[in-house]
Amino acid sequence: MGAELAAKPVNIRTASVDDLLQYDTLILGTPTYGEGELPGLSNGTSTESWAEFLPKLAGYDSSGKTVAIYGLGNQKGYAKDFVSAMIFLHDSFKQCGATLLGASSTDGYTFKQSKAVVDGQFVGLALDQENQKDLTPSRLSAWLESLQTAWA
């Protein structure tokens, strides 16, 4: 998006809630672990991650914040939970009052189910670097363009 629009990325493993909420606009990403889970200590990460961070959001007011989410997954290897972890970020920030943008079509993907599909669309951008790596640049470009239009 360019340095004039985007700040340096913040790693959720070392971030505080205040670190994230200092921004009015956030693009948040997560892989999906196992059977639709967030990364965290309970499923083998060596440091805290989203599973430990999201409960810290309870009680924070994110109204006035705009959040877009992307998720990484494997639609063939984990067809029953493809990019499902996105829903946890979506729901947590929505409960805090944030405005969520960036829903994307499920067209062009082959999976059985995903908790991250709401009203027939992913709650964010779904990326599969294992099976559709060649589609990532065009998907990402179109998604970022749609976000820029929405934020303008």
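Note that the structure is a prediction, hence the values are computed from the model and not measured.

**Let's talk about helix 4 (residues 136–151)**
Its 16 residues place the ends of helix 4 22 Å apart at the C-alpha level, agreeing with the 22 Å of an ideal helix rising 1.5 Å per residue. For helix 4, every residue scored as buried is listed here: Thr136, Arg139, Trp143 and Leu147. Down the axis of helix 4, the buried set is contained in an arc of 70 degrees. They therefore lie on one face. Turned more than 90 degrees away from the buried face of helix 4 sit Pro137, Glu145 and Thr149, all of them exposed. Those residues of helix 4 hidden inside the fold are in contact with strand 1 (25–31), strand 2 (66–72), strand 3 (99–101) and strand 7 (125–127).

**Notes on the sheet that holds strand 5 (residues 117–118)**
A sheet is described by the order of its strands in space; here three strands give the open sequence 4-6-5, paired in antiparallel fashion. Every other strand in the sheet has two partners, leaving strand 4 (104–105) and strand 5 as the edge strands with one partner each. In the sheet, strand 4 pairs with strand 6 (residues 121–122) via two bridges, with the strands oriented antiparallel. The residue of strand 6 that forms the bridge with serine 105 is glutamine 121.

**Some points on the nonpolar core**
Leu20, Leu28, Trp50, Phe53, Leu54 and Phe93 are the most contacted members of the largest nonpolar core, which totals 33 residues. Discounting residues that sit within four places of it in the chain, phenylalanine 53 has contacts with Ile12, Ala15, Ser16, Val17 and Leu20.

**Quick look at the layout of surface pockets**
Quantified by volume, the largest pocket comes out at close to 990 Å³. Forming the walls of the largest pocket are 33 residues, and the residues nearest its centre are Pro9, Val10, Leu26, Ile27 and Leu28. In terms of residue count, the dominant contributor to the lining of the largest pocket is strand 1 (seven residues). Tallied by class, the residues present in the lining of the largest pocket amount to 23 nonpolar, seven polar and three charged.

**What about the pairing of strand 1?**
Side chains Leu26, Leu28 and Thr30 project from strand 1 onto a buried face, and the interleaved Thr25, Ile27, Gly29 and Pro31 project onto a face without burial. Here seven bridges tie strand 1 to strand 2, and the two strands are oriented parallel to one another. In the strand pairing of strand 2, leucine 26 is matched with valine 67.

**Observations concerning the side chain of histidine 90**
Mapping histidine 90 onto the fold places it in helix 3 (residues 86–95). For histidine 90, a relative accessible area of 11% translates into the label buried. If near-sequence neighbours (up to four positions away) are discounted, histidine 90 is found in contact with Ile69, Leu100 and Val123.

**Quick notes on the packing of aromatic side chains**
Applying the stated criterion to the full structure yields seven aromatic pairs. A ring pair is formed by phenylalanine 82 and phenylalanine 111, whose centres lie 5.5 Å apart and whose planes are at 40 degrees; its orientation type is tilted. On the criterion of sequence distance, the pair formed by phenylalanine 82 in the loop between strand 2 and helix 3 and phenylalanine 111 in the loop between strand 4 and strand 5 is long-range, its members being 29 residues apart. Judged by its relative accessible area of 0%, phenylalanine 82 falls in the buried class. Its relative accessible area of 22% is what places phenylalanine 111 among the partly exposed residues. Aromatic side chains tyrosine 109 and phenylalanine 122 sit 5.1 Å apart centroid to centroid with 80 degrees between the ring planes, which places their arrangement in the edge-to-face category. Taken together, the residues tyrosine 109 in the loop between strand 4 and strand 5 and phenylalanine 122 in strand 6 connect sequence positions 13 residues apart.

Reading guide: rules and limits
In this numbering scheme, every chain counts its residues from 1 along its sequence in written order. Local features in this predicted model are restricted to residues of pLDDT 70 or higher, and side-chain atom pairs are both shown and tallied only at a pLDDT of 80 or more, whereas totals for entire chains, interfaces and linings draw on every residue. Excluding hydrogens and water, the side-chain figures rest on all heavy atoms present in the structure. Only DSSP runs of H or I reaching four residues or more are called helices, and only runs of E reaching two or more are called strands; each is numbered from the N terminus. Helix span, as expected, comes to 1.5 Å for every residue beyond the first. Each residue is placed in one exposure class: buried if its accessible area under a 1.4 Å probe, protein chains only, is under 20% of its type's maximum, exposed if it is over 50%, and partly exposed if it falls in between. To obtain the arc, one takes the directions from the helix axis to the C-beta atoms. Two residues form a contact once any of their heavy atoms are found within 4.5 Å. Whether two strands pair comes down to DSSP finding at least two bridges between them. Among buried residues, those of type Ala, Val, Leu, Ile, Met, Phe, Trp, Tyr and Cys that are joined through side-chain atoms within 4.5 Å constitute a nonpolar core. Of the grid points, spaced at 1 Å and generated over the protein atoms alone, those admitting a 1.4 Å probe that cannot get out make up cavities, while open sets with protein on both sides within 12 Å along at least five of seven lines make up pockets; any residue with an atom within 4 Å of a point is treated as lining. Grid points are joined across faces, edges and corners, and a volume is the space filled by probe spheres set on the points. Lys, Arg, Asp and Glu make up the charged group, whereas Ala, Val, Leu, Ile, Met, Phe, Trp, Tyr, Cys and Pro make up the nonpolar group; the residues left over, Gly among them, are polar. When two rings of Phe, Tyr or Trp (its six-membered ring) have centres within 6.5 Å they constitute a pair, described as stacked for plane angles under 30 degrees, edge-to-face for angles over 60, and tilted for the intermediate range.

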